[in-house]
Each structure stands twice: as structure tokens, then as C-alpha cells.
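Listed below are the residues making up each chain.
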Amino acid sequence: MVYSQDKVYENREVTSQAYFQGGQEKLNQHINATLVYPTVTLENDYTGEVNAVFTVDKYGNVKDIYTDGSEVHESLTEEIIRVIKSTSGQWVPAQKGMTKVNMIFSVHIKFWISRSVTDKEVVTEKPGETLEQTPKKKWWKFKKNK
């Protein structure tokens, strides 16, 4: 059987789903190492959830990234798109039979800020750090794909 290599398949339509090289844990580590909570959103307490949807093409590249139903500050959307773009070329493509095919994929990120009563103290891994001391602190929680 011949499958269209230009069509974008959903996960239930493929024999083998696309995945990040090294698996879900490596993807989590990459996001953790790459994602930076934008300063403007930290300063203004912008939080929210972003569902990034993209295509992993038949070569393992990422393309056609967009956010689905996410109503968050645009800097959060831009940041997750930047991070997802940085994974391009690091994916194992989906297969339908023995043919490599394009597959739609999504990653759900929840951005949050945890502050103490004094508003200037930020709950971090190191007690006593303040927002000014950690302007590029990564404040996010990764939720696994369903």
C-alpha cells in the first residue's frame, strides 16, 4: 500500500508515532533547559496554559507550529513556539507501515508564578532568592501529552 507522504496524520492513524529522540524525559529536559519565562510576564504576573500544536515531518523536523485555544500573554506563546522550533531535527518521524510520514503532535505547557505574601519574594529552589536575583528563572510546569 502507498501512503501520502504529504498528508499530516493523527497519532491514531499511524503504525508508529513520532517521538523526540531519547523519549519524553529528554523532551522534558530540553524544554526545561531552553524555556525562559519572559521578563514582562514575570513582572506583571502573567500566567496561563499553552497548547502548542505542530507537525513532525517525515524527516524529523518541526513545522507549522501554532497554539490551540490558548489565551495567554503573547510573550508566553512566542516563547513556547521558540522552544518547540529549537527541537526541529531531533524527532523520530511517525511511520505508517514502513513509510515515514508527517504527524501532528502537541505539547501542553502551564506557566505559573508562585509568590509569597510579600510579593517580592519568589518561591524558588533556593530559599531567599528574590525576583531581581532570578530574572531568567524558568517558571513552568510540564504536562504530559494525553
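Only a predicted model underlies this, so the values are computations on that prediction, with no experimental measurement involved.

Participant: I keep staring at the side chain of D57 and nothing clicks. Help me out?
Facilitator: Here D57 shows up in the loop between β3 (48–56) and β4 (62–67). Notably, D57 is buried but unbridged: the nearest opposite-charge side chain belongs to K63, and the N-O separation is 4.7 Å. Within the local environment of D57, its side chain forms a polar contact with the backbone nitrogen of Y59, the two atoms lying 2.8 Å apart. Leaving out residues up to four positions away in the same chain, D57 has contacts with K63, P93, V101 and N102.

Participant: Hey, could you run me through the pairing of β4 in this one?
Facilitator: Regular strands place side chains that alternate from one sheet face to the opposite one. One ladder, built from 4 bridges, connects β3 with β4; its direction is antiparallel. Bridging across to β4, V56 finds its partner in V62. From the end of β3 to the start of β4, which pair antiparallel, there are 5 residues, and G60 there has a positive phi angle of about 90°.

Parameters at a glance
- All residue numbers here refer to positions counted from 1 along the written sequence of the relevant chain.
- Two thresholds apply to this predicted model, a pLDDT of at least 70 for residue-level local features and 80 or more for giving and counting side-chain atom pairs, whereas whole-chain, interface and lining totals are computed over all residues.
- Excluded from the side-chain calculations are hydrogens and water; all other atoms, namely the structure's heavy atoms, are used.
- Secondary structure counts use DSSP, requiring at least four H or I residues in a row for a helix and at least two E residues in a row for a strand, with both numbered from the N terminus.
- Exposure classes here rest on a 1.4 Å probe applied to the protein chains alone. A residue is buried below 20% of its type maximum, exposed above 50%, and partly exposed in between.
- Positive charge is attributed to Lys and Arg, negative charge to Asp and Glu, and no charge count is given to His or to the chain ends.
- Any carboxyl oxygen of Asp or Glu within 4 Å of a side-chain nitrogen of Lys or Arg constitutes a salt bridge here.
- Two N or O atoms count as a polar contact when they lie within 3.5 Å, although within protein this holds only if one can serve as hydrogen donor and the other as acceptor, and sequence-adjacent residues are included solely when both atoms are side-chain atoms.
- Residues count as neighbours in contact if any of their non-hydrogen atoms are within 4.5 Å of one another.
- DSSP bridges decide pairing: two strands pair if at least two such bridges lie between them.

The analysis is restricted to geometry; functional conclusions fall outside its scope.
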